[in-house]
Amino acid sequence: MRPLIAGNWKMHGTLAEAAALAGAVRDGAGGLPADLLVCPPFLHVAAVAAALRGSAVAVGAQDCHAAAKGAHTGDVSAAMLRDAGATHVILGHSERRTDHGETDAAVRAKAAAAAGAGLVPVVCVGETEAERLGGQAEAVVSRQLAESLPDGFAGVVAYEPVWAIGTGRTPTEADIAAIHGTIRAALAARFGAAGGTTRILYGGSMKPGNAAAILALPDVDGGLVGGASLVAADFLAIARAAG
Ligand code: PEP
């Protein structure tokens, strides 16, 4: 399937910097062997979507609330994101699970809300270093997957080992392939044919130098890129490596 390279801009950049980065990605997006998605902070979603309108680059957010509207100070609904021009939303990123105590049940509710509002949920799963060292990686990821995905899920899954995010460390290629195979089997068992075509992204210190090897692994259908997505040339180089 055609790979997806998604950039998670996290809490970085002024409005002007976001617009400039979006423009640089747009200008280099022609003829790539992958679909592109950029996920700026909430505040910049509308401007980035406007800058990318008509281009091959999609826009997503990094979270949404599970409710359609209401008394939820500081939160943003999926419908608001759709209205601002987003087509995707990252959900259950480990930084949200850690910083905001998001549970699998909360992620599941958000994913259902996102889909209901017409957004493609990009649901993140991944083990901590202690869980990996304890031989629990596959069990943890399987549990997160089972409990974070709503019935009828038609989105994207991102496998992001927590200990690989922003650290410059990555699992071995064999470990990535093993977990992606486990995720594929779980998706196929639960969702049938649709599970066979769900994109499974790898995330965690993906860079231009390691992207080709990771993206060539079985059941790796793209990448979720943090730090390297803030430099257009690096993000585009990762996308080229998907070919
Ligand atoms: C992420 O946080 O989604 C991520 C993959 O970050 P990095 O690429 O910086 O490790």
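Computed from a predicted model, the values in this text were never measured in an experiment.

1. Re the site of the ligand
For step 1, the next point in the chain: Surrounding the ligand, one finds 14 residues, the nearest of these being Lys10, His93, Glu160, Gly166 and Ser205.
For step 2, the next point in the chain: A distance of 2.7 Å separates an oxygen atom of the ligand from a polar atom in the side chain of histidine 93.
For step 3, the next point in the chain: One of the side-chain N or O atoms of glutamate 160 is found 2.8 Å from an oxygen atom in the ligand.
For step 4, the next point in the chain: Protein contact buries 97% of the 300 Å² of open area that the ligand shows by itself.
For step 5, the next point in the chain: Across the shell around the ligand, the residue classes tally to 4 nonpolar, 8 polar and 2 charged.

2. A word on the sheet that holds strand β2 (residues 35-39)
For step 1, the next point in the chain: The 8 strands lie next to each other as β1-β2-β3-β4-β5-β6-β7-β8, forming a closed barrel whose pairing is parallel. Direction aside, the axes of adjacent strands within the sheet are offset by 25° on average.
For step 2, the next point in the chain: With 5 bridges connecting them, strand β1 (residues 4-8) and β2 associate as parallel partners. Directly across from isoleucine 5, in β2, lies its bridge partner leucine 36.
For step 3, the next point in the chain: Docked against the sheet, helix α7 (residues 137-148) engages β5 (120-125) and β6 (156-159), running at close to 150° with respect to β5.
For step 4, the next point in the chain: Lying over the sheet, helix α8 (residues 173-191) contacts β5, β6 and β7 (200-203), oriented at roughly 150° with respect to β7.

3. Examining the packing of aromatic side chains
For step 1, the next point in the chain: Counted according to the given criterion, the structure contains 2 aromatic pairs.
For step 2, the next point in the chain: Between the aromatic rings of phenylalanine 153 and phenylalanine 191, the centroid separation amounts to 6.3 Å while the plane-to-plane angle is 45°, which identifies the pairing as tilted. Taken together, the positions of phenylalanine 153 in the loop between α7 and β6 and phenylalanine 191 in helix α8 put the pair 38 residues apart, joining distant regions of the chain. In this structure, phenylalanine 153 and phenylalanine 191 share a single accessibility class: buried.

4. Considerations on the packing of helix α1 (residues 15-27) against helix α11 (residues 232-240)
To describe two helices that pack against each other, one gives the angle between their axes and the distance between the axes.
For step 1, the next point in the chain: α11 packs onto α1 with a crossing angle of 35° between their chain directions and a minimal axis gap of 9 Å. Relative to α11, α1 is oriented so that their crossing is right-handed. In this structure, α1 contributes Leu21, Ala24 and Val25 to the contact, and α11 contributes Ala232, Phe235 and Leu236.
For step 2, the next point in the chain: Taken together, the residues of the contact of α1 with α11 break down into 6 nonpolar, no polar and no charged.

What counts and how
Residues numbered from 1 in each chain as written. Predicted model: local features only at pLDDT ≥ 70, side-chain atom pairs only at ≥ 80, totals over all residues. Heavy atoms only, no water. Near = heavy atom within 4 Å. Polar contact = N/O pair within 3.5 Å; in protein donor to acceptor, adjacent residues only side chain to side chain. Areas by Shrake-Rupley, 256 points an atom, 1.4 Å probe, with all protein chains shown as cover. Nonpolar A, V, L, I, M, F, W, Y, C, P; charged D, E, K, R; others polar. Pairing = 2+ DSSP bridges. Helix = DSSP H or I, 4+ residues; strand = E, 2+ residues; numbered from the N terminus. Axes fitted to C-alpha atoms, helices over the stretch in contact; angles between N-to-C directions. Contact = heavy atoms within 4.5 Å. Phe/Tyr/Trp six-rings, centres within 6.5 Å; stacked < 30°, edge-to-face > 60°. Buried < 20%, exposed > 50% of the residue type's maximum accessible area, 1.4 Å probe, protein only. Left-handed = near helix turned anticlockwise from the far one by under 90°.

Everything listed here is a matter of geometry and, on its own, says nothing about what the molecule does.
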